[in-house]
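What follows is the residue order along each chain.
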Amino acid sequence: MSEVKKERILKISILRFDPTDPKDFPHIVTYEVEEADGMTLFIALNEIREHHDNSLMFDFVCRAGICGSCSMLVNGQPKLACRVLTSKLDANISLAPLPLFKLIRDLSIYTGEWMRGLSERVESWIHDKEEELAFDKLEQRMEPALADEIYELDRCVECGCCVAGCGTIQMKPNFLGAVGLNKVARYHLDPRDKRSDEEYYEIVGDEDGVFGCMTLLGCEDVCPKDLPLQSKIAYLRRMMIQTAAKN
Amino acid sequence: MREVKIDTTPARLDFIQSASGLILALFMWAHMFFVSTILLGKDVMYKVTIFFEGHYFFGESYPLIVTIVAGAIFAIFIAHAAVAMRKLPSNYKQYKILKNHIQSFKHGDTRLWFWQIFTGFAMFFLGSVHLYIIMTNSADIGPYASSDRIVSEWMWPLYILLLLAVELHGSIGLYRLALKWGWFEGTDAKKSRIKLRRMKYAITIFFLTLGFLTLAAYIKIGIEHKANAGERYHLETSVVEGVK
């Protein structure tokens, strides 16, 4: 305990831009931060805001990998900043906002609008006309294994990492992406949802849906919640082929 | 619930892409084993050749069988190219986005896909040349005829490129096919993917090695046979026994 450990100086380069300022343009600003034990990017960014530049904008809520707000490109990889330990990175770190989503400013993006559009597009809620009216009726029972499987998919926090990690959606922005396909798989599995296979096919049975997926698996590899995206997209693909074969 | 009339074409196209790719990839494995019989000697390769010409069924050789099979493969090849083309970047903007994404993301399977596009595009031309020549010259397959084609008729540069393209494209394609449909997924998809990826690399290395050894063998025969190019191979032993 006698010797004081010399901490690294992190050079954090951040892609900054304020789209509401007509005079601003995208530029990179590098900040130097002394590393501390157990430092995450969340801590480092707060350090920058407190001591270097209070105009820097980024999103955080839970700082524990639960809310999905702090997704950004860390050295080109989509990650939740609160879960990235700086000790796992090189001293030169580059940060950029996730692509495709509406940029608010600097690292802050508006995923909510995009995700809401997605939910409306795939109608990610239980469809059951009869049950809607019978509020006093007990909910239909479900096998625990199936409930677990559905719950697993419900863990998605809509952080947008899978979207940023998907080559297909970068090229073809109309593609649903893993987050959308995951939602569809979740409701397709759910016996309480009474949508027919054909109705599901209408949502995902085209090249903006499951048949547009090229299985690059960026989504699977970057998902901070480790959702089984690869398996569920494969599941949907098999289901949709079966549906087409029936018709 | 309401009646829905769905358009099954996207599903069909996806199925055709996977099925045609699977057939072509498996055919290429078999094809590689057949052509590589030259490594076991000229006689073995010659026997394999006349086997596929129906010699052991009809008592004489019908190269027309090879023409028909090559034609069928050509048709599947064209079908696969037509449906797989949907996945290529369709303009410079998309291509640039993809390149940037690959460069900054540094993700193995995304990078592999770029190789698949690259090799697939190359095969539009390389594969067509090869298939057309085999279709129209199906009688000229054999230890000497094939070697002459490779050396004296200048097919070796094309075959080197085609071999690289086929083996990369085929093994990457099979790997992706398994993941796409959830084959061999087991209980742990992440573990099985690692296994599949290892297998993919092993298969690529195996077939590239076998392919280049085979090509070298034909080139060697072709160089030795250059002076007599056009002469056909015959099983010598049977002729000698017949005389006695």
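The structure this text deals with has already been given above.
What comes next concerns the included structure. Since this is a predicted model, take the numbers as computed values, not measurements.

The rules we used
Residues numbered from 1 in each chain as written. Chains lettered and ligands numbered in written order. Predicted model: local features only at pLDDT ≥ 70, side-chain atom pairs only at ≥ 80, totals over all residues. Heavy atoms only, no water. Contact = heavy atoms within 4.5 Å. Buried area = accessible area lost by both parts, 1.4 Å probe. Salt bridge = Lys/Arg side-chain N within 4 Å of Asp/Glu carboxyl O. Polar contact = N/O pair within 3.5 Å; in protein donor to acceptor, adjacent residues only side chain to side chain. Helix = DSSP H or I, 4+ residues; strand = E, 2+ residues; numbered from the N terminus. Nonpolar A, V, L, I, M, F, W, Y, C, P; charged D, E, K, R; others polar. Buried < 20%, exposed > 50% of the residue type's maximum accessible area, 1.4 Å probe, protein only. Pairing = 2+ DSSP bridges. Core = buried A, V, L, I, M, F, W, Y, C linked by side-chain atoms within 4.5 Å. Domains from an automatic or database assignment.

**Some points on the interface of chain A and chain B**
- Taken residue by residue, the interface counts 42 residues in chain A and 37 residues in chain B.
- Here chain A meets chain B over a buried area of about 3500 Å², counting both sides, of which 57% is carbon and sulfur.
- Of all residues in chain A, A:Met171, A:Met214 and A:Leu216 give up the largest surface area on contact with chain B, accounting jointly for 17% of the area buried on that side.
- Applying the counting rule to chain A against chain B returns four salt bridges.
- Here B:Lys190 and A:Glu220 are joined by a salt bridge, their closest N and O atoms 2.7 Å apart.
- Run the count over chain A and chain B and you get 16 residue pairs in polar contact (both at pLDDT 80 or more).
- Ranked by residues supplied to the side of chain A that touches chain B, first place goes to helix α10 (residues 229–246) of chain A with nine residues.
- Tallied by class, residues from the side of chain A that touches chain B come to 15 nonpolar, 15 polar and 12 charged.

**Concerning the pairing of strand β3 (residues 71–74) of chain A**
Residues and elements named next belong to chain A.
- The alternating pattern of β3 places Ser71 and Leu73 and Met72 and Val74 on opposite faces, both of which are buried.
- In the sheet, β3 pairs with strand β4 (residues 77–80) via four bridges, with the strands oriented antiparallel. Note that in β4 the partner of Ser71 across the bridge is Leu80.
- Judged from the two bridges that link them, β3 and strand β5 (residues 92–96) form a sheet pairing that is antiparallel. Residue Val74 lies in a different strand from β5, and its bridge partner there is Leu95.

**Considering the nonpolar core**
- Counting 49 residues, the largest nonpolar core has A:Leu181 and A:Met240 as the members making the most contacts within it.
- Elements with a contribution of two residues or more to this core: α2 (111–122), α4 (144–154), α5 (161–164), α7 (177–189), α8 (197–204) and α10 of chain A together with α1 (9–35) and α8 (156–181) of chain B.
- For this core, the leading source of residues is α10(A), giving eight residues.
- There are two domains that each give this core at least three residues, and those are domain 1 (9–109) and domain 2 (111–246) of chain A.
- If we skip the residues at most four places from it in the chain, A:Leu181 touches A:Phe175, A:Leu176, A:Val204, A:Gly209, A:Val210, A:Ile233 and A:Leu236.
- Ranked by size, the runner-up nonpolar core spans 30 residues in total, among them A:Ile12, A:Val33, A:Phe42 and A:Phe60.

**Details of helix α7 (residues 143–151) of chain B**
Residue and element names in this part refer to chain B.
- In terms of burial, α7 is largely enclosed, as nine of its nine residues are buried.
- Here α7 has its buried residues at Pro143, Tyr144, Ala145, Ser146, Ser147, Asp148, Arg149, Ile150 and Val151.
- Looking at the packing, one finds that the buried side of α7 touches α2 (42–52), α6 (108–136), α8 and α9 (189–224).

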